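Structural features, examined
Next come the chains, spelled out residue by residue.
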Amino acid sequence: MQPSPYRPGELTDSLPGREPLLAEADERLAHMCGLGRLAGRAHVFTGARGFGKTSLLREIERRAQAQGALTAWVTAGEEHGLLAALAQAVRSATADWRDSARLRPMLEQVTVSVNIGVASAEATLHRRDHETGASGARAVEAMVREVLAAGRHHHRRALVLFVDEIQAADRVGLRTLAYAWQHLQAEGSDVPAGIFAAGLPDTSQVIVAAVSSSERFAYRDLDPLSPEAVVRALADAASPLGVRWEATALRAAVAAAAGYPFAVQLIGDHAWQQAGSPDPGGVITSRHAARACDLTQQEMTRLIEDRYTRATPAERRFLNAMAALGDGPARRADIAATLDAASTALSSARDSLLKQGLIRPAAHGLVEFTIPGMAAYLRARGETGPSR
C-alpha cells in the first residue's frame, strides 16, 4: 500500500497547465536576480477558490529562493494591516542576519508611517488618504533599499514580496504599496525587487477602488485546466509510485472534473482509495474512476449547497437566473431580462458574488460560474426563472 499522491485542499507542487504563468514568472525573476532590475508591476493571479492560486504562488516563491532572492510572504486581511504584515515578514526572513538589528528601526518605521496601531488611525486615514499613502510609500521604499543593501552581504540577489488573498488587504496598504513601486520605478529601475500576489476574481475591482495608479498591477486569470492538463495532473502524480491509469479511466476523470483543479485532486484521491492504495505495478481502472467520480460529485454537490445556502435572497435570484440561461457564460442583460429587472439593479448582487468567488467575469458584460455543475444543480432544485 502507498499513500495517495493527490492532496485535495492542500498545497501541491504539481501544476500542469500553469506552465505559461510559471514561464512568465521565471522571466521576471531572472530580470531581478540576474540583471538586478526592478519588476515594475506587481503580478496578480486571480481565480476562484480551488483553482490553485496559493500553490502557484508558493511554487514561484520556491523558484525565487532558488535564484538567490530573499522572499517575504503574507496573507492579507490581518487586523494590523498589509504594510505591518510585510514588515514583520521581512523581519522574520532576516532574523538570522548578523546585521538584522540595524534593519529593525527601519522596519518599524513602515508600520509607524501609516499609523497602524495608533488609536486615531482610522479617522486619520480617511481624512488624509493621499498624504498618508505617499508618506508610507517612502518608508516602504526605504525598507526595500535597506534590505537589498544588507542582503548583498548574505548572498541575496533580490527581494520578492508575496501577498496571498490580496483582495482582503486594507485600502491604505494597497495604495501605499503601489506608491512605493511607483517611486522606485521613477527613481531608476536598478532595484532588484518585485511583488507577486493572488486573489479572488474581484481582486482587480478592489485594487482599482484603492489605487489610482492601478496600471502598476498586471493581472493573470487562472482558467480551468485543459483536458491535457487534467490527464497530466492525474497520471504524472501516480507514475513515480509505479501506478498507471487506464485510458478509459482518465477520460472519465477528465469529463467529471470539468477543468476544476480541486475536483481533479478529489477524483485522484478517491480513485487511489478505490484501487486499494496500490503498490508499484498497480492500475487505476475505469471501475475505480467511475466510483471516484460519483464520490467527487457528492462532495461537489455539498460544496455547492453550502455556498448557495449562505447566499442572500438577491444573490440566489441572480444565480438562478444565470442557471436558467444555461451552463456557459451569461450576459448581464440576459440575466436582468430573466429577472425582469433593470441591469443596474443587479450590481450589488453581482459584486457580492464576485467577491465570494462564486462567479467570475468571462468577457466584457459576461459572467460565469466558477464551480462546475452549479448551473445544473440550481436547475435541478427547480428554483430558476423570473418568478424567483
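Relevant structure appears above.
Notes on the structure follow. Everything quoted here is computed from the prediction, not taken from an experiment. (Residues numbered from 1 in each chain as written. Predicted model: local features only at pLDDT ≥ 70, side-chain atom pairs only at ≥ 80, totals over all residues. Heavy atoms only, no water.)

**Overview of the packing of aromatic side chains**
Our working definition: Here the aromatic set is Phe, Tyr and Trp, taking the six-membered ring for Trp, and pairing holds for ring centres within 6.5 Å; pairs whose planes are under 30 degrees apart are stacked, those over 60 apart are edge-to-face, and all others are tilted. Note on conventions: DSSP H or I runs of at least 4 residues are helices, E runs of at least 2 residues are strands, and numbering of each starts at the N terminus. Here's how the labels work: a residue is buried when its accessible area is under 20% of the maximum for its type, exposed when over 50%, partly exposed in between, all with a 1.4 Å probe on protein chains only.
Per the counting criterion, the structure on display carries seven aromatic pairs. Ring geometry for Phe51 versus Tyr260: centroids 5.5 Å apart, planes at 65 degrees, classification edge-to-face. On the criterion of sequence distance, the pair formed by Phe51 in the loop between β1 (42-46) and α2 (53-66) and Tyr260 in the loop between α10 (247-257) and α11 (261-274) is long-range, its members being 209 residues apart. Looking at Tyr260, the relative accessible area reads 3%, which means it is buried. Here the aromatic rings of Trp73 and Phe162 are separated by 6.0 Å at their centres, their planes lie at 20 degrees, and the arrangement is stacked.

**Quick word on the pattern of salt bridges**
Here is the rule: In the sections that follow, a salt bridge refers to a side-chain nitrogen of Lys or Arg positioned within 4 Å of a carboxyl oxygen of Asp or Glu.
Summed over the entire model, instances satisfying the criterion amount to 16 salt bridges. Its salt-bridge partner being Glu19, residue Arg232 comes within 2.8 Å of it at the nearest N-O pair. Of this pair, Arg232 sits in helix α9 (residues 227-238) while Glu19 sits in helix α1 (residues 19-33); the two residues are 213 residues apart in sequence, bridging distant segments of the chain. Owing to a relative accessible area of 37%, Glu19 belongs among the partly exposed residues under this scheme. The network of salt bridges with common partners includes Asp26, Glu59, Arg62 and Arg63.

**So, α1**
Quick reminder of the rule: By definition here, a helix of n residues has an expected span of 1.5 Å times n minus one. The directions from the helix axis to the C-beta atoms are what the arc is built from. Any two residues whose heavy atoms approach within 4.5 Å are treated as being in contact.
The end-to-end C-alpha separation of α1 is 20 Å, in line with the 21 Å expected for 15 residues at 1.5 Å each. Among the residues of α1, Leu21, Leu22, Ala25, Arg28, Leu29, Met32 and Cys33 are the ones counted as buried. In an axial view of α1, the angular spread of the buried residues amounts to 120 degrees, which keeps them on one side of the axis. Contact partners of the buried residues in α1: β1, α2, β2 (69-75), β3 (158-164), β4 (193-199) and β5 (217-221).

**Section: α2**
Relative to the 20 Å expected for 14 residues at 1.5 Å per residue, α2 spans 20 Å between its end C-alpha atoms, a close match to the ideal helical length. Considered for burial, the residues of α2 that qualify are Lys53, Ser55, Leu56, Leu57, Glu59, Ile60, Glu61 and Ala64. Among the residues trailing α2, Gly68 stands out with phi positive, at a value near 95 degrees.

**A few points about the sheet that holds strand β10 (residues 366-369)**
Worth spelling out the cut-off: Paired strands are those between which DSSP finds at least two bridges. Every axis corresponds to a line fitted to the C-alpha atoms, with the helix fit spanning only the stretch in contact, and the corresponding angles, defined between N-to-C directions, vary from 0 to 180 degrees.
Spatially, the three strands line up as an open sheet ordered β8-β10-β9, and their pairing is antiparallel. On the outer flanks of this sheet lie β8 (330-331) and β9 (359-363), each paired with one strand and no other. When β9 meets β10, the two strands line up antiparallel, connected through four bridges. Note that in β10 the partner of Ile359 across the bridge is Phe369. Against the sheet, helix α13 (residues 313-324) touches β8, β9 and β10, its axis set at about 95 degrees to β10.

**So, the pairing of β4**
Our working rule: For crossovers, right-handed means that the path from the first strand over the helix to the second runs clockwise, given strands pointing away from the viewer.
For β4, the tally of buried residues reaches seven of seven residues, placing the bulk of the element in the interior. Bridging between β1 and β4 involves four bridges; their strand directions are parallel. Looking at β4, one finds that Val44 is bridged to Ala197. Taken together, the five bridges between β3 and β4 define a ladder with parallel strand orientation. In the strand pairing of β4, Leu161 is matched with Ile195. For the crossover that starts at β3, traverses helix α7 (residues 171-186) and ends in the parallel β4, the hand is right-handed.

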